[in-house]
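Here is how the chains run, residue by residue.
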Amino acid sequence: MSLYLFLDLAAIAIPFAFSFEKRLEFYKMWKSVFLSIFFVGAVFILWDAGFTKIGVWGFNEKYLSGIYLLNLPLEEYLFFICVPYASVFTFKVISTLIPGFLIPDRLIRLLVLAPATLLLIAGILFHSRLYTSSACIVASLSLFTSYYFFRDFLSHFILSYAIILIPFFIMNGILTGSFIDEEVVWYNNTENLGIRILTIPVEDAFYGLALIIWNVNLTGYFRKKFI
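Residues numbered from 1 in each chain as written. Predicted model: local features only at pLDDT ≥ 70, side-chain atom pairs only at ≥ 80, totals over all residues. Heavy atoms only, no water.

Across its full length, the chain holds seven helices and six strands. Across the chain, helices and strands are ordered from the amino to the carboxyl terminus as α-α-β-β-β-α-α-α-α-β-β-β-α. Computed over the C-alpha atoms, the radius of gyration of the chain is 17 Å, within 12% of the 17 Å expected from 2.2 N^0.38 for a compact globule of 227 residues. The dimensions of the chain, computed from C-alpha atoms along their principal axes, are 45 × 40 × 30 Å. Here the chain, with 227 residues, has 50% of them falling under the buried criterion. Relative to all contacts within the chain whose residues are 6 or more apart in sequence, the contacts with residues 24 or more apart total 78%. Taken as a whole, the chain presents about 11,400 Å² of accessible surface, with 71% of it coming from carbon and sulfur. (Helix = DSSP H or I, 4+ residues; strand = E, 2+ residues; numbered from the N terminus. Rg over C-alpha atoms; globule rule 2.2 N^0.38 Å. Buried < 20%, exposed > 50% of the residue type's maximum accessible area, 1.4 Å probe, protein only. Contact = heavy atoms within 4.5 Å. Areas by Shrake-Rupley, 256 points an atom, 1.4 Å probe, with all protein chains shown as cover.)

Our next topic: the side chain of Ser36. With respect to the helices, strands and loops of the structure, Ser36 is situated in helix α2 (residues 30-53). Within polar-contact distance, the side chain of Ser36 engages the backbone oxygen of Asn215 at 3.0 Å. Filtering out sequence-adjacent residues up to four positions away, Ser36 remains in contact with Gly41, Trp214, Asn215, Leu218, Thr219 and Phe222. (Polar contact = N/O pair within 3.5 Å; in protein donor to acceptor, adjacent residues only side chain to side chain.)

On to the nonpolar core. Burial of nonpolar side chains together is a common tendency in soluble globular proteins. Grouped together as the largest cluster of nonpolar side chains are 33 residues, with contacts concentrated most on Phe26, Val33, Val112, Leu143 and Phe157. Counting only elements with at least two residues in this core, the list comes to α2, α3 (74-97), α4 (105-125), α5 (130-149), α6 (154-175) and α7 (203-225). Counting residues per element, this core draws most heavily on α4, at six residues. In this structure Val112 touches Leu143, Tyr147, Leu154 and Ile158, once residues within four positions along its chain are discounted. (Core = buried A, V, L, I, M, F, W, Y, C linked by side-chain atoms within 4.5 Å.)

Relative to the elements of secondary structure, Asp8 occurs in helix α1 (residues 3-17). C-alpha separation for the pair Asp8 and Glu76, spaced 68 residues apart in sequence, amounts to 8.7 Å. Each residue touching Asp8, except ones within four places of it in the same chain, is listed here: Glu75, Leu78, Phe79, Cys82 and Met171.

What follows is about empty space enclosed by the protein. All chains considered together, the criterion is met by one cavity of 30 Å³ or more. Residue lining of the largest cavity: 17 residues in total, with Glu76, Phe79, Tyr187, Asp204 and Tyr207 positioned closest to the centre. Elements with a minimum of two residues in the lining of the largest cavity: β1 (57-59), α3, α6, β4 (185-187) and α7. Along the lines of polarity and charge, the residues of the lining of the largest cavity split into 11 nonpolar, three polar and three charged. (1 Å grid on protein atoms, 1.4 Å probe; cavity = no way out; pocket = protein on both sides within 12 Å on 5 of 7 lines; lining within 4 Å. Points joined across faces, edges and corners; volume = space filled by probe spheres on them. Nonpolar A, V, L, I, M, F, W, Y, C, P; charged D, E, K, R; others polar.)

Geometric values such as these leave the question of function open.
In structure tokens, the structure reads:
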């Protein structure tokens, strides 16, 4: 088994195992969850494939299964299934265990709109660095959209995201070369700021934020509107 495939499966193993827990009954949300994963994943896969093609980042075959589709390894497609599934599951756990948790709107504005504004400015200032600019702008627009259209989810999202960051940084750390001889995913540093958290480009945090918040938002939307 490839290392990247192992990490994908490890990310989803516990959330999947507890999807049938009586208090959570997460399996009853599967239609909404997988609809969200499909739509959000389609956008991120196109982004991913485009940046792979032009060399913004790439993959080390040493840690892969060797199965490719549209110049992306199988493991990369699974990433956009396993990580969102685990993230929405975490959101469900937090909202179930602490249903009344509410962050005051004044603090929500500080935690959401301030970073959104700074990210937008950074995206514009560093427009010549493709990963920095795109990740900052997408994350910024995601936060603005969440504040104005999905505010009901934000209190539980902020709390769950703080928890999600722990496994997210462990997984991304390994993918970017922490604890192993070579990185699984390499980056062209002319397209990012060169700022690393351990071995993780800081832009990965913004990329991951957009991926996760859109899956939470759309899962909630589909549950309310269609399913």
